[in-house]
Amino acid sequence: MAVALNFAAALMCEHPISGAACGKCDSCQKMKVLEHPNLIFLYAVPRNAQKDDKEAAEPLGTLTETQFQSVEDAIKRFRENVYQGIHISGANNIRIPYIRKLKRDLGLVRAEKGYRVVLVYLPELMNTESENAMLKILEEPPEQTVFVLTTERASELLPTTRSRCQIYRFNGVAEGDMMRWLDSQPVSSENKKIIARLSGGNVRLAMELMASDTPLADQTFVEFWRQIAGGQFIELSQTVDAWSRLARENKDALFLKLRMMILWLRDAQILALDPESPDISNIQYRTTLVRFAGFLAAFPYHEAILKIETTIKGISQYVHTPALLTHLFVEIYALIKVYGVKK
């Protein structure tokens, strides 16, 4: 996102220097506060179940006051720190009314001369109808109009969309570099390695994890693994309900829990080979993890991790979350039952 905004600033700059924005002209000053009239954002917003926005001239006008406030708050946070992205509670897809509005807006005379940039944040959140509606204007945009799509999962875009774009990939920050950066941040030592690994080299995600009010690993999470290992299905069904509600409010928060499951299993796999290994993430739960790994004989950690990753992919594609979580918990319990040490 930061690179996309710098690219937009360079395109619209009145006096670019070696292809980069000068940072001083009137256009650059407007870009610094993200208020340039030629910069257009397209992103997912919540849907008001009580109103049909299919043909609305102004789709945002169909939102409730609370929903509209959540959008304004998200944009305010984004302006303060573009690395954190645009996150709005209940915003799960970019629907076709917003594509239609974009087309109407691009048909109007631009507010200022020069380039106009349409920045689509997480275009993988477009549904098929929206993405197909975008294709024509993506292929033949108005004069001096550039589309920039910033995606975390390019593979989920239609091949026809990808074929109309030039693709630039950004590698994640190496774990060692991330750890060194975290040394300068206000983060506890026990969370440092967890954040470095959970972020996958993504500084924005690392910042979100640092700002999270929820402990990355706590006794509740340990109890969750006891529920799976013990086949406590009543308690697990309650967890399914709670995590499914979480997915409706903030899908990234659910993905965090599922990735924490992966880290737990990777730690257990390391300790199964060397109970003294320092290379684990959940340092504060070493004793519990050693017992957990000792309980499992020849456990197929890779298979279990793959099941979790498949669940994450399914949820990101809007497959029924409660069904996916239930299936995942039952499958991992089945593996534990087969490979657990018999008393």
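The structure contained in this document is the topic of the report that follows.

Time to look at the pattern of salt bridges. Considering all chains together, one arrives at 15 salt bridges under this definition. Measuring nitrogen to oxygen at the nearest pair gives 4.0 Å for the salt bridge that ties Arg266 to Glu309. Taken as a pair, Arg266 in helix H12 (residues 251-273) and Glu309 in helix H14 (residues 301-316) lie far apart in primary sequence, 43 residues in all. In this structure Arg266 comes out as partly exposed when scored by relative accessible area, which is 40%. Given a relative accessible area of 37%, Glu309 falls into the partly exposed group. What emerges from the salt-bridge pattern is a single network uniting Glu175, Lys193, Arg197 and Asp279.

This part is about the nonpolar core. Core analysis: the largest hydrophobic core is formed by 51 residues, its most contacted members being Trp225, Ile228, Leu258 and Met261. With 12 residues, the single largest contributor to this core is H12. Contacts of Met261, omitting those with residues within four sequence positions, involve Phe221, Phe224, Trp225, Ile228, Trp243, Ile308, Leu328, Phe329 and Ile332.

What follows concerns a nonpolar patch on the surface. There is a patch of nonpolar side chains on the surface, built from Val3, Tyr168 and Phe170 and spanning about 390 Å² of accessible area. Looking at the secondary structure, you find Tyr168 in the loop between helix H6 (159-162) and helix H7 (175-182). The exposure class assigned to Tyr168 is exposed, which follows from its relative accessible area of 61%.

Relative to the elements of secondary structure, His36 occurs in the loop between helix H2 (26-32) and strand S1 (39-42). With relative accessibility at 4%, the residue His36 sits in the buried group. Within the structure, His36 has its side chain in polar contact with the backbone nitrogen of Asn38 (distance 3.0 Å).

What follows concerns helix H10 (residues 219-229). Listed as buried for H10 are Phe221, Val222, Phe224, Trp225, Gln227 and Ile228. Buried residues in H10 make contact with helix H11 (233-249), H12, helix H13 (286-295) and helix H15 (321-339). Looking one or two places after H10, you find Gly231, whose phi comes out positive at around 60°.

As a further point, take unusual backbone geometry. The residue Leu122 is not glycine, and still its phi comes out positive at about 55°. Summarising the element assignment, Leu122 is placed in the loop between strand S2 (116-121) and helix H5 (128-139). For Ala298, which is not a glycine, the phi torsion comes out positive at approximately 55°. We classify Ala298 as exposed; its relative accessible area is 68%.

Now for the side chain of Lys192. Structurally, the position occupied by Lys192 is in helix H8 (residues 189-198). Look at Lys192 and you get buried, because its relative accessible area is 16%.

The subject of this paragraph is H8. For H8, the buried fraction is high: 7 of the 10 residues fall into the buried class. Within the sequence span of H8, burial applies to Asn191, Lys192, Lys193, Ile194, Ile195, Ala196 and Leu198.

Rules used in this analysis
Residues numbered from 1 in each chain as written. Predicted model: local features only at pLDDT ≥ 70, side-chain atom pairs only at ≥ 80, totals over all residues. Heavy atoms only, no water. Salt bridge = Lys/Arg side-chain N within 4 Å of Asp/Glu carboxyl O. Helix = DSSP H or I, 4+ residues; strand = E, 2+ residues; numbered from the N terminus. Buried < 20%, exposed > 50% of the residue type's maximum accessible area, 1.4 Å probe, protein only. Core = buried A, V, L, I, M, F, W, Y, C linked by side-chain atoms within 4.5 Å. Contact = heavy atoms within 4.5 Å. Patch = residues over 30% accessible without salt bridge, like charges linked within 9 Å, V, L, I, M, F, W, Y side chains within 5 Å. Areas by Shrake-Rupley, 256 points an atom, 1.4 Å probe, with all protein chains shown as cover. Polar contact = N/O pair within 3.5 Å; in protein donor to acceptor, adjacent residues only side chain to side chain.

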